[in-house]
Amino acid sequence: MRIHGSRTAPAIIMLALATVLSLSACGSEAKNANTDIGKGTGAVKDPSSPQTVTFFSWVGNEPQMKKMAAEFHKKHPNITIKFENAPAEQAQQVLSTRIAGNTAPDVAYINASDTSDYAARGALVDLGNYMNRSEVVKPDDYVDGFRTFVTWNGKMWGLPFDGETTGLFYRTDRFKEAGIAGPPKTWDEFRAAAEKLTDVPNGKYGFEMFASEAAYYYYPWLHQAGGEPLTKDGKDIAFDSPAGRTAAAFYVDLAKYSPPDYLNSNSYDGRVAFAKGDVAMYVAGAWFAGTLADEYPKIEGKWAAAPLPEGAAGCKTTLAGDSLVMFNQTKVPDAAWLWMEFLSQPDNLAAWTYKTEGTLLPPTKSLLDGGDLAKEKPVLKPFADLMACGVASTVANPKYPRVETILNEELSKAIYGDQTAAEALRNAAQQGRAILGRG
C-alpha cells in the first residue's frame, strides 16, 4: 500500500505546513506568475540538448514510478528524470522550505488539496498554456472534485494524478447474523444497523470511531447534511451552522455503538477490531481495502465496501488525492511539462492506480466510467461510483489547519462524553473565529 501520510495524519502536521507557508509567503508571494511559460502552438517539442527534470515526491522509489521514468527517458532521450525523495510526513515542510530558499524542484507530486496554497503564493506555473497545446491532458475529463483541488482564481495549477474517496466497509458475516439484508443507504438505516449490530456484553459493536481523527471523519457527515467547514470566501467558520450541528449530533451519538477501547486509537490501528469481527461497520478511504487484502487474507469474502449512507443533501463524500505541479523557479519548463504529460497518459494513470497492488483511483471520468477498473479491481467500484459525489474545498486558507486542530480536540471531548456535540462546535467556532480574525 502506498502511504499518503498527510491525508489522515494528525492535524499538527497540517499546522506545521501552515506555519511554514506563512513564513515563506514573504519570499514567494511577491513573485508574479510568469504567464508566458508554455505559450505556443502545437505539441511541446523535445529539447535539442540534454536536460534534467528534478521530481520531488515520496514515491520516487516505487517500482512503478521508476519504470515510468525509464519508459519516458526511452521516448525522450534528451530528458533525464532526477528523483528527489522525502518521507511523506515531512514532504510538505521540506518542499515549502525549498520554495522559500529558491531551490524548488521542477515538478512535484503533492497532496492535491495543497495545490491552491502554493498557487496563491505565486510558487506554481499556470498550466493553461500547456493544456491548450496537449492532446493528452483534457481538463473536462477530470472528476469535478479533483479539478477543484487544483484550481485557484479560475486557473488550473496542477494535474490530478491519483485519489480516493471515503466509503463504508462492512462485515457481511455480521450483517447476515443480524438479519440485515445489505449496507445502509440512509442515516436512519445506518443508525438502526449500528444499534442492531451492537452487543456490548459480548464485545460486539456496530461501528468504530476514532477520537484522535474526530474532525477528519466528521466532514463526510457535515457535507451530507449540507454544511461546509468555512464560508465560501474562507473568512468565517461555517461548521457551526444548523446543518453542521445536525451532522455533529448524529456523528457523536454513534460513539455509543463503538468499542470504547479503540476511541483513543487511529483509523489504521483500529483496523484490528474490524478484522476480528468485533466491529461491523467502518468508514475509511479506499486504502483500507488494500490493507485488509494484504494483512487479513483469511477474512476475504467476509467483508464488502459500499457508498456512504446519504444524508439530507444526498450523496456526498470527502476526497483525497495527489497532483503534479510545476514550480515557477524551473529552468526547463517544456521538459517538465513533457514529464507531467507523460505521467497523465491514460495507460500510465491506470498503471499507477488500480492496476497495481494498491487501491488508488484514477482522477479521470473516462477511466472511472470504463469497464476496465471494475474488471481489474471490483472492490474499488463503490469508491469509483462515489467520485461523482466527492466534495473538495474551494477555500485556500492557511489558517484553517489551526482551526481544524481545535475542532478535532473539541469533537474528541464530545465523543468521550465530556461535552455535547453542540458545545463542541460552539467552542471550536469561537476559538476558530479568533484565529481567522488575526492579522
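What counts, and at which threshold
Residues numbered from 1 in each chain as written. Predicted model: local features only at pLDDT ≥ 70, side-chain atom pairs only at ≥ 80, totals over all residues. Heavy atoms only, no water. Helix = DSSP H or I, 4+ residues; strand = E, 2+ residues; numbered from the N terminus. Rg over C-alpha atoms; globule rule 2.2 N^0.38 Å. Buried < 20%, exposed > 50% of the residue type's maximum accessible area, 1.4 Å probe, protein only. Contact = heavy atoms within 4.5 Å. Areas by Shrake-Rupley, 256 points an atom, 1.4 Å probe, with all protein chains shown as cover. 1 Å grid on protein atoms, 1.4 Å probe; cavity = no way out; pocket = protein on both sides within 12 Å on 5 of 7 lines; lining within 4 Å. Points joined across faces, edges and corners; volume = space filled by probe spheres on them. Disulfide = S-S within 2.5 Å. Salt bridge = Lys/Arg side-chain N within 4 Å of Asp/Glu carboxyl O. Domains from an automatic or database assignment. Buried area = accessible area lost by both parts, 1.4 Å probe.

> Hey, could you run me through the overall build of the chain in this one?
For the chain, the count of helices and strands is 20 helices and eleven strands. On C-alpha atoms alone, the chain measures out to a radius of gyration of 22 Å, which is about the 22 Å that the 2.2 N^0.38 rule sets for 439 residues. Expressed as a percentage of its 439 residues, the buried residues of the chain come to 59%. Long-range pairs, those at least 24 residues apart, make up 78% of the contacts in the chain with a sequence separation of at least 6. Entry remark: accessible area of the chain is about 18100 Å², with carbon and sulfur atoms responsible for 51%.

> How should empty space enclosed by the protein be read in this particular structure?
One simple way to see leftover space: roll a probe sized like a water molecule over the atoms. Evaluated as defined, the whole model comprises three cavities of 30 Å³ or more. Every residue lining the largest cavity is listed: Phe-207, Glu-208, Met-209, Phe-210, Tyr-217, Trp-221, Tyr-251, Tyr-282 and Val-283. For the lining of the largest cavity, the elements supplying multiple residues, two or more each, are helix H10 (214-224) and strand E8 (279-285).

> What is the right way to read the state of the cysteines from this model?
Here, disulfide denotes a covalent bond that connects the sulfur atoms of two cysteines. Under the criterion given, the structure shown has one disulfide. Across a sulfur-sulfur distance of 1.8 Å, Cys-315 and Cys-389 are joined as a disulfide pair. Disulfide Cys-315-Cys-389: the torsion about the S-S bond is 100°, which places it as right-handed. Here Cys-315, found in the loop between strand E9 (303-306) and strand E10 (317-326), pairs with Cys-389, found in the loop between helix H18 (381-386) and strand E11 (390-391); they are 74 residues apart in sequence, far enough to count as distant. Exposure remark for Cys-315: the relative accessible area of 24% places this residue in the partly exposed category.

> Which parts of the structure should I look at to understand the side chain of Thr-356?
The residue Thr-356 is located in the loop between helix H15 (346-352) and helix H16 (365-369) in this model. For Thr-356, a relative accessible area of 12% gives the class buried.

> Sorry, what's going on with the pattern of salt bridges here?
Across all of its chains, the model carries 17 salt bridges by this definition. Notably, a salt bridge pairs Lys-276 with Asp-278, separated by 3.6 Å at the nearest N-O pair. According to the relative accessible area criterion, Lys-276 is exposed, its value standing at 54%. In this structure, the salt-bridge partner of Lys-355 is Asp-372, at a minimum N-O distance of 3.4 Å. Here the residue Lys-355 occupies a position in the loop between H15 and H16, and Asp-372 occupies one in helix H17 (residues 371-376), the gap between them amounting to 17 residues. With a relative accessible area of 44%, Lys-355 lands in the partly exposed category. Among the charged side chains, a salt-bridge network with shared partners connects Lys-204, Lys-276 and Asp-278.

> Would you mind going over the domain arrangement of the chain with me for this structure?
Accessible area lost upon the coming together of the parts serves often as the stated size of an interface. When cut into domains, the chain gives domain 1 (51-164 + 320-387) and domain 2 (167-318 + 393-437). Centre-to-centre, using C-alpha coordinates, domain 1 lies 29 Å away from domain 2. Across the boundary between the two partners, domain 1 contributes 13 residues, which contact 21 residues of domain 2. Taken together, the two surfaces of domain 1 and domain 2 that pack against each other cover about 1400 Å², and 69% of this comes from carbon and sulfur. When the buried area of domain 1 at its contact with domain 2 is split by residue, Glu-164, Phe-383 and Leu-386 rank highest and sum to 43% of it.

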